[in-house]
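Descriptive structure summary
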Amino acid sequence: MFFTVGKSPNLMANPHQQSLIMNETNIARYFARLLKPGYDSLDILQATEIDALVDLAPAILHGSVKERDAVLKTVNNKLGPKTWLVGNEMSLADIVLWSSVLQSKHNFSGFQNIQNWIKTCNQHPAFQCALGLMNLN
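Our focus in this paragraph is the environment of asparagine 116. Its place among the elements puts asparagine 116 in helix α7 (residues 112–123). Looking at asparagine 116, the relative accessible area reads 37%, which means it is partly exposed. Between the C-alpha atom of asparagine 116 and that of lysine 82, which follows or precedes it by 34 residues, the distance is 9.6 Å.

What follows concerns the nonpolar core. Nonpolar side chains tend to gather and get buried jointly when the protein is soluble and globular. One finds Val75, Leu85, Leu92, Leu97, Phe108, Ile114 and Trp117 to be the most contacted residues of the largest nonpolar core, which totals 28 residues. Going through the elements one at a time, α1 (24–35), α3 (44–54), α4 (57–62), α5 (65–79), α6 (92–104) and α7 are the ones with two or more residues in this core. Residues contacting leucine 97, with those up to four places away along its chain left out, are Leu53, Leu56, Ala57, Ile60, Val75, Leu85 and Trp117.

This part takes up unusual backbone geometry. Phi is positive for lysine 105, close to 55°, though the residue is something other than glycine. Assignment of secondary structure puts lysine 105 in the loop between α6 and α7. Classification of lysine 105 as exposed rests on a relative accessible area of 72%.

Time to look at the packing of α1 against α6. Between α1 and α6, the shortest axis-to-axis distance is 10 Å and the interhelical angle comes to 155°. One way to sum up the angle between α1 and α6 is to call them roughly antiparallel. In this structure, the crossing between α1 and α6 has a hand that is right-handed. Residues Glu24, Thr25, Ala28, Arg29 and Ala32 of α1 pack against Leu92, Val96, Ser99 and Gln103 of α6. Across the contact of α1 with α6, the residue classes break down as four nonpolar, three polar and two charged.

Turning our attention to the side chain of arginine 68. Along the chain, the position of arginine 68 falls in helix α5. Its relative accessible area of 17% is what places arginine 68 among the buried residues. Here arginine 68 is in contact with Ala59, Ile60 and His106, once residues within four sequence places are set aside.

A separate point is the packing of aromatic side chains. Under the definition given, this model contains two aromatic pairs. Consider the rings of tryptophan 84 and phenylalanine 127, whose centres lie 6.4 Å apart with planes at 15°: the pair is stacked. Taken together, the residues span a long stretch of sequence, with tryptophan 84 in the loop between α5 and α6 and phenylalanine 127 in helix α8 (residues 125–134) at a distance of 43 residues. Taken together, a centroid distance of 4.7 Å and an interplanar angle of 70° make the contact between tryptophan 98 and phenylalanine 127 edge-to-face. One end of the pair, tryptophan 98, is in helix α6; the other, phenylalanine 127, is in helix α8, and 29 residues separate them in sequence.

Here we come to the pattern of salt bridges. Side chains that differ in charge, positive against negative, can pair when their charged atoms come close. Going through the model one piece at a time under the given rule, you end up with four salt bridges. A salt bridge links glutamate 49 to lysine 78; its shortest N-O distance comes to 2.0 Å. Residue glutamate 49 is found in helix α3, and its partner lysine 78 is found in helix α5; the two are separated by 29 residues along the sequence. Residue class for glutamate 49 comes out partly exposed when judged on its relative accessible area of 29%. Lysine 78 gets classed as partly exposed once you look at its relative accessible area, which sits at 26%. Taken together, the shared-partner salt bridges connect Arg29, Asp51 and Asp55 into one network.

Parameters at a glance
- Residues numbered from 1 in each chain as written.
- Predicted model: local features only at pLDDT ≥ 70, side-chain atom pairs only at ≥ 80, totals over all residues.
- Heavy atoms only, no water.
- Helix = DSSP H or I, 4+ residues; strand = E, 2+ residues; numbered from the N terminus.
- Buried < 20%, exposed > 50% of the residue type's maximum accessible area, 1.4 Å probe, protein only.
- Core = buried A, V, L, I, M, F, W, Y, C linked by side-chain atoms within 4.5 Å.
- Contact = heavy atoms within 4.5 Å.
- Axes fitted to C-alpha atoms, helices over the stretch in contact; angles between N-to-C directions.
- Parallel < 35°, antiparallel > 145°, perpendicular 65-115°, else oblique.
- Left-handed = near helix turned anticlockwise from the far one by under 90°.
- Nonpolar A, V, L, I, M, F, W, Y, C, P; charged D, E, K, R; others polar.
- Phe/Tyr/Trp six-rings, centres within 6.5 Å; stacked < 30°, edge-to-face > 60°.
- Salt bridge = Lys/Arg side-chain N within 4 Å of Asp/Glu carboxyl O.

Structural data, given as structure tokens:
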């Protein structure tokens, strides 16, 4: 069976069973659970909140202007004065949404909380490593 690769990346997780994981958000979710098996059982409410935010990321890149702006408004309101989207530390939601935000090259002038959050993310060592890799291309 052959698959066409579109705008989003795909990952063949198990070639023997043809287990295809499609798009960046689902691949990130797969690796998060692979690397941290207790991801869902530590705090199910927090894991659900993270997943709900991760599900918003494709609209930033591939949604209509109306959809993108609605997601950005939601994220901006969710952040408020907080540093991270969920809880007191960086989560998968921060990683995936940060990636989508950077790829979108959108002007975030009307979203002050997102602007502050991007600055915070860009100063974090993990994000700096990713930025360094992105600059290699």
